[in-house]
Amino acid sequence: MHNSPLKIHFFLFLKLPAAFWCGVRVKLITDDKCVVTVKHRWLNQNPFNSIYFAVQAMAAELTTGALVMTLIKKSGKNISMLVANNMSNFSKKAKGRITFTCYQGYLIEEAIQKTIATGASETIWLKSVGFDEIGDQVSEMDFEWSVRLK
């Protein structure tokens, strides 16, 4: 996958349709960061009139996973990736448009280079933080990714 929001949206539609239909959208992706948004609407709400936690997790995971996929592609090697663990913290109701961002592309590059050099599996924790439209943090999610040569 090339680091283009349009290609990632097509990937979502084909491979992660729940995220696509819930409104998870990539706004920006570079080698260093990924920005994903999701807007509160009927399809992704919980009974408390905010975005369901699993939808927030899909958006947050996509910020980290899209970076991992992009940097694996850039490496030119056949590398597998897998979420091994995750942790979440919710601090405010997620209403309106929520923007999740991961700025840790440099950690992914280091892990990929290590797994290429050693052939051993590498794990990294990546953080994605979600903010609402007025700038208040609504959630923070950490995902432990494992990468290894196939």
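Look up a bit, the structure's there.
None of these values were measured; they are calculated from a predicted model. (Residues numbered from 1 in each chain as written. Predicted model: local features only at pLDDT ≥ 70, side-chain atom pairs only at ≥ 80, totals over all residues. Heavy atoms only, no water.)

Things to note about helix α1 (residues 5-15)
Ile8, His9 and Leu12 are the residues of α1 that are buried. Seen end-on, α1 carries its buried residues on one side only, within an arc spanning 105 degrees. Turned more than 90 degrees from where α1 packs its buried face, Leu6, Phe10 and Lys15 sit exposed. Residues of α1 that are buried in the fold lie against α2 (17-21), β1 (25-29) and α3 (53-75). (Buried < 20%, exposed > 50% of the residue type's maximum accessible area, 1.4 Å probe, protein only. Helix = DSSP H or I, 4+ residues; strand = E, 2+ residues; numbered from the N terminus. Arc of directions from axis to C-beta. Contact = heavy atoms within 4.5 Å.)

Examining the sheet that holds strand β6 (residues 137-149)
A sheet is described by the order of its strands in space; here six strands give the open sequence β1-β2-β4-β5-β6-β3, paired in antiparallel fashion. Two strands lie at the open edges of the sheet, namely β1 and β3 (79-90), each paired on one side alone. Across the sheet, the mean angle from the axis of one strand to that of its neighbour is 25 degrees, orientation sign disregarded. Both strand β5 (residues 122-131) and β6 contribute to a ladder of ten bridges, which runs antiparallel. Looking at the pairing, Lys127 lines up with Asp142 of β6. Packed on one face of the sheet, α3 meets β1, β2 (34-39), β3, β4 (97-102), β5 and β6 and runs near 35 degrees to β6. (Pairing = 2+ DSSP bridges. Axes fitted to C-alpha atoms, helices over the stretch in contact; angles between N-to-C directions.)

Quick look at the pattern of salt bridges
Opposite charge on two side chains allows them to pair when their charged atoms are near. In total, this model carries five salt bridges according to the counting rule given. The partner of Glu140 in a salt bridge is Lys127, with the nearest N and O atoms 3.0 Å apart. Of this pair, Glu140 sits in strand β6 while Lys127 sits in strand β5, placing them 13 residues apart in sequence. Taking the relative accessible area as the measure of exposure, Glu140 reaches 23% and is therefore partly exposed. Among the salt bridges present, the one from Lys127 reaches Asp142, with a minimum N-O distance of 2.8 Å. Of this pair, Lys127 sits in strand β5 while Asp142 sits in strand β6, and the two are 15 residues apart along the sequence. A single network of salt bridges, built from pairs that share partners, joins Lys92, Asp132 and Asp136. (Salt bridge = Lys/Arg side-chain N within 4 Å of Asp/Glu carboxyl O.)

Describing helix α4 (residues 105-118)
With 14 residues, α4 should cover 20 Å at 1.5 Å per step; its first-to-last C-alpha distance of 20 Å lies within 8% of that length. All of the buried residues along α4 are Gly105, Ile108, Ala111, Ile112 and Thr115. The buried side chains of α4 occupy one side of the element, clustering within an arc of 120 degrees when seen end-on. Facing away from the buried side of α4, by more than 90 degrees, are the exposed residues Ala117 and Thr118. (Expected span 1.5 Å × (residues − 1).)

Re the layout of surface pockets
Estimates place the volume of the largest pocket at around 210 Å³. Lining the largest pocket, in full, are Phe11, Lys15, Leu16, Ala19, Met58, Glu61, Leu62, Gly65, Ala66, Met69, Met81 and Trp145. When contributions to the lining of the largest pocket are tallied by element, the ones reaching two or more residues are α1 and α3. Grouping the amino acids of the lining of the largest pocket by side-chain chemistry returns nine nonpolar, one polar and two charged. (1 Å grid on protein atoms, 1.4 Å probe; cavity = no way out; pocket = protein on both sides within 12 Å on 5 of 7 lines; lining within 4 Å. Points joined across faces, edges and corners; volume = space filled by probe spheres on them. Nonpolar A, V, L, I, M, F, W, Y, C, P; charged D, E, K, R; others polar.)

Quick look at the nonpolar core
Counting 37 residues, the largest nonpolar core has Val38, Leu62 and Ile108 as its most contacted members. Considering every element that reaches this core, the biggest residue donor is α3, with ten residues. In contact with Leu62, not counting residues within four places along its chain, are Ile8, Leu12, Val24, Val26, Cys34 and Val36. (Core = buried A, V, L, I, M, F, W, Y, C linked by side-chain atoms within 4.5 Å.)

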